[in-house]
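# Results of the structural survey
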Amino acid sequence: MTAPSPSTFSLALANETATAQLMADLALLIGPGDVITLSGDLGAGKTAAARGMIRYLAGDDELEVPSPTFTLAQVYDLPGLPLIHADLYRISDPDELEEIGLSPLPEGTVALIEWPDRAAGLLPADRIDISLSHRPALGSNARAAEITGYGTSATLVARLKALREMLATARLAEAQRQRMAGDASIRSYARLVRDGSSFILMNSPKRQQGPAIYGGKSYSAAVHLAEDVRPFVAIANALRDRGLSAPVIHYADLEAGFLVTEDLGNAAVVEGDPPRPIVERYEVATDLLVTLHCQALPETLPLTRQSAYAIPTFDIDAMLVEAGLMLEWYLPDRGVQPAKNLVAVFIMMWRGLLQQPLAAPKTWLLRDYHSPNLIWRDERKGIAKVGLIDFQDAMLGHPAYDLVSLLQDARVDVPEQLELALFARYIRARRMLDQAFDPATFAVHYAIMSAQRNTKLLGTFARLNRRDGKPQYLKHQPRIWTYLNRALAHPALTPVKDWYTANIPPPVGNEPPASNKTPGDSKTPAANKPPPSNKA
């Protein structure tokens, strides 16, 4: 297979701040395993460039980042992205790289390497080289940078060039960059601050398809995850058109996958440590769903003057693939290898159970409508107080799904009594606006959607641990297990509850003492509270 042609571009850097901004932009795009070499004469600014990237990734503009000339290599345990900064100036023989742990380079680690010429052919074929040189004609501190991507890194350098061009068009090239915490997705974010105003820079590269093992599709295609940035733009515009607080899109490069959006702020709908729901804010978030679910909503949205975006449907195949993550990842993580007959029974059981909600009228399903994606806007009124983000994976599906996402928040313990109260609030409001709304049927569907979502989440967090090396997500599994058992307590799910009790072990550390309730003793809103009466 022919290697991709190198991708190269050059730019002038007026001072060390401009160098740091370039390195912050590059840091937004890189991931574990990427190799960046820094070339140039003594004093060309190689260590300054490395320092700019490391400080950005650390979120600390004052972090001490010494030159590793004498230590040869310095390791930084940065948030979610370990990094090694090496200086090969004192290396006289490439064989010395193995002695100091740089050949081969550590897996899953970003490598910043000064004086790469000392490596003499030992560098990986996929890498980025930044060659720095003095430019006294532009100023005493000015530098020129030539950035070249080799192998698979050529695409990354092409995207960096597109990002720099968009920022220049948006007059944000000189804005301060502040790293924002990432999530479990392929996207990354930065806050841009200029003249007292702030914006959000969103990096959303085109999704790379995984193995086609789900009915001939990759996982992302099977469950309808957004393939690029276009769904976010279309859905954001549609939500704002309906008076909801999705971010304004200021600038967009749909091909490269970059957006500059409105900054909705940092105010949350939770408080404390560990975080707990702010009841009044969860109530408004519940009211927002009522408003959205009572509208007739289109299935296709305008995107550009020449194109539109068709919202995918949360179909039976997608639901089954998601639920199947429990067998594929959660059970092996608990030391259980499911037999073929167990898998067959599981799929048959879920296929039958999901027929009811699948037959119900559909609405926009934002998918991850929970605390990390809800931003409180106190200066606004009514449901516009709830800012919405991370909705690019939206689908057409049952309205109970997003209510489950909120009332059984995967990242926050929602007390059962609060879930019941908010569930009743939703039911009352829906009945006031739609006399044909059936609370009892909705309660059954809520329990089914809860069981499906929490089954998926147990598998998702196990996959993040086993496949992606992110064990921190396992801490959420006991909470998800609690929510799952609330759902399984509904009488309509008794056969499912019995099957889970016989075949699915609880998460580590969640085995109940003999004196406590057994799994399934908790009550769902549907099982613990009768539907509201017809009285106002």
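Chains are numbered independently. Their residues run from 1 in the order of the written sequence. In keeping with the predicted nature of the model, local features appear solely for residues at pLDDT of at least 70, side-chain atom pairs appear and are counted solely at 80 or more, and the whole-chain, interface and lining totals rest on all residues. Only hydrogens and water are removed before side-chain values are computed, so all heavy atoms of the structure are retained for them.

## What to know about unusual backbone geometry
- The linkage connecting Ser103 with the following residue, Pro104, adopts the cis geometry, with an omega of 0°.
- Counting from the N terminus, the helices are DSSP H or I runs at least four residues long and the strands are E runs at least two residues long. Relative to the assigned elements, Pro104 resides in the loop between helix H3 (96-99) and strand S5 (110-114).
- Of note, the amide linkage connecting Asp273 to Pro274 takes the cis form, showing an omega dihedral of 5°.
- As for its position among the elements, Pro274 is in the loop between strand S13 (270-271) and strand S14 (276-277).
- The backbone of His224 shows a phi angle near 65°, a positive value even though the residue is not glycine.
- Residue position: His224 is located in the loop between helix H5 (219-222) and helix H6 (230-241).
- At Asp390, a residue that is not glycine, the phi angle is positive and equals roughly 60°.
- Looking at the element boundaries, Asp390 is found in the loop between strand S19 (386-388) and strand S20 (395-397).
- Type-normalised accessible area, obtained with a 1.4 Å probe on protein chains alone, sets the label of each residue: buried when under 20%, exposed when over 50%, and partly exposed for intermediate values. With relative accessibility at 14%, the residue Asp390 sits in the buried group.

## Digging into the packing of helix H8 (residues 316-323) against helix H10 (residues 340-353)
- Direction vectors running N to C along H8 and H10 enclose 135°, while the axes themselves pass 10 Å from each other. Put simply, H8 runs oblique to H10. Classified by chirality, the crossing of H10 by H8 is right-handed. Two secondary-structure elements touch here, H8 through Ile316, Leu320 and Ala323 and H10 through Phe346, Ile347, Trp350 and Arg351. Between the N-to-C directions of two axes lies an angle of 0 to 180 degrees, each axis being a line fitted to C-alpha atoms and, for a helix, fitted only over the stretch in contact. In this scheme, roughly parallel covers angles under 35 degrees and roughly antiparallel covers those over 145, while 65 to 115 is roughly perpendicular and the rest are oblique. The hand of a helix crossing depends on one turn: near helix anticlockwise from the far one by less than a right angle means left-handed, and clockwise means right-handed. Contacts were defined at the residue level, with two residues in contact if any of their heavy atoms lie within 4.5 Å.

## Quick word on helix H12 (residues 400-407)
- When you tally the buried positions in H12, you get 8 out of 8 residues, the bulk of the element.
- Along H12, the positions that sit buried rather than exposed are Ala400, Tyr401, Asp402, Leu403, Val404, Ser405, Leu406 and Leu407.
- Residues of H12 that are buried in the fold lie against helix H7 (279-293), H8, strand S17 (363-365), strand S18 (374-376), helix H13 (416-433) and helix H14 (439-466).

## Considerations on the packing of aromatic side chains
- Here is the rule: rings of Phe, Tyr and Trp (six-membered ring for Trp) pair when centre to centre is within 6.5 Å. Planes less than 30 degrees apart are stacked, more than 60 are edge-to-face, and the remainder are tilted. Applying the stated criterion across every chain yields a total of 11 aromatic pairs.
- On the numbers, 5.5 Å between centres and 85° between planes, the contact of Phe314 with Tyr401 is edge-to-face. Pair noted here: Phe314 is in the loop between strand S16 (308-310) and H8 and Tyr401 is in helix H12, with a separation of 87 residues, a long-range link. Across the pair, Tyr401 and Phe314 agree in class, each one buried.
- Ring centres of Trp499 and Tyr500 lie 5.6 Å apart, and the angle between their planes is 65°; this geometry places the pair in the edge-to-face category.

## What about the pairing of strand S3 (residues 73-78)?
- Any two strands with at least two DSSP-identified bridges between them are counted as paired. In this structure, S3 lies alongside strand S4 (residues 81-87), joined through 6 bridges in antiparallel fashion. Each bridged residue has a counterpart across the sheet, and for Tyr76 the counterpart in S4 is Leu83.
- Hairpin connection from S3 to S4: 2 residues lie between these consecutive antiparallel strands, with Gly80 at a positive phi of about 75°.

## Quick notes on the side chain of Asp390
- Under this definition, polar contacts are N or O atom pairs within 3.5 Å; protein pairs additionally need one hydrogen-donor-capable and one acceptor-capable atom, and for neighbouring residues in sequence, both atoms have to be side-chain atoms. Among the polar contacts listed, one links the side chain of Asp390 to the side chain of Asn373, at a separation of 3.2 Å.
- At 2.5 Å, the side chain of Asp390 and the side chain of Gln392 are in polar contact.

## A closer look at the sheet that holds strand S6 (residues 127-134)
- Sheet architecture is open: 7 strands sit in the order S1-S7-S6-S2-S5-S4-S3, paired in mixed fashion. With partners counted over all chains shown, the strands left at the sheet margins are strand S1 (7-13) and S3, one partner each. Strand-to-strand twist in this sheet, taken as the mean axis angle between neighbours without regard to direction, amounts to 15°.
- Across 4 bridges, the pairing between strand S2 (residues 35-39) and S6 is parallel. Residue Ile36 lies in a different strand from S6, and its bridge partner there is Ile128.

## A word on the pairing of S5
- Extensive coverage of S5 is indicated by the burial of 5 of its 5 residues.
- Neither face of S5 is exposed, since Val110, Leu112 and Glu114 on one face and Ala111 and Ile113 on the opposite face are all buried.
- Looking at chain direction, S2 and S5 are connected through 4 bridges and run parallel. Residue pairing in the sheet places Ile36 in a bridge with Leu112 of S5.
- Taken together, the 5 bridges between S4 and S5 define a ladder with parallel strand orientation. Pairing of Asp87 across the sheet is with Glu114, part of S5.

## Observations regarding the pattern of salt bridges
- Only one rule defines a salt bridge in this text: a Lys or Arg side-chain nitrogen within 4 Å of an Asp or Glu carboxyl oxygen. Summed over the entire model, instances satisfying the criterion amount to 22 salt bridges.
- With a closest N to O distance of 3.9 Å, Arg425 and Glu283 form a salt bridge. Taken as a pair, Arg425 in helix H13 and Glu283 in helix H7 lie far apart in primary sequence, 142 residues in all.
- Residue Arg425 is classed as partly exposed on the basis of its relative accessible area of 27%.

## Concerning a negative patch on the surface
- Each patch is built from salt-bridge-free residues with over 30% relative accessible area, joining like charges within 9 Å and nonpolar side chains (Val, Leu, Ile, Met, Phe, Trp, Tyr) within 5 Å. All accessible areas in this document rest on Shrake-Rupley with a 1.4 Å probe, and a residue is counted as covered only by the protein chains that are shown. Within this scheme the basic residues Lys and Arg register as positive and the acidic residues Asp and Glu register as negative, but His and the chain ends are omitted. In this description, the location of a charge corresponds to atom NZ of lysine, CZ of arginine, CG of aspartate or CD of glutamate. Residues Asp93, Asp95, Glu98 and Glu99 make up a contiguous surface patch of negative charge.
- Relative to the helices and strands, Glu98 resides in helix H3.
- Exposure remark for Glu98: the relative accessible area of 60% places this residue in the exposed category.

## Digging into the sheet that holds strand S8 (residues 176-179)
- Sheet architecture is open: 5 strands sit in the order S8-S9-S10-S12-S11, paired in antiparallel fashion. In the strand order of this sheet, the two ends are held by S8 and strand S11 (249-253), each with one partner. In this sheet, adjacent strand axes meet at a mean angle of 25° when their direction is disregarded.
- Bridging between S11 and strand S12 (residues 258-262) involves 4 bridges; their strand directions are antiparallel. Counted as the bridge partner of Ala252 is Leu259 from S12.
- Sitting on the sheet, H6 is in contact with strand S10 (197-203), S11 and S12, with an inclination near 160° to S11.

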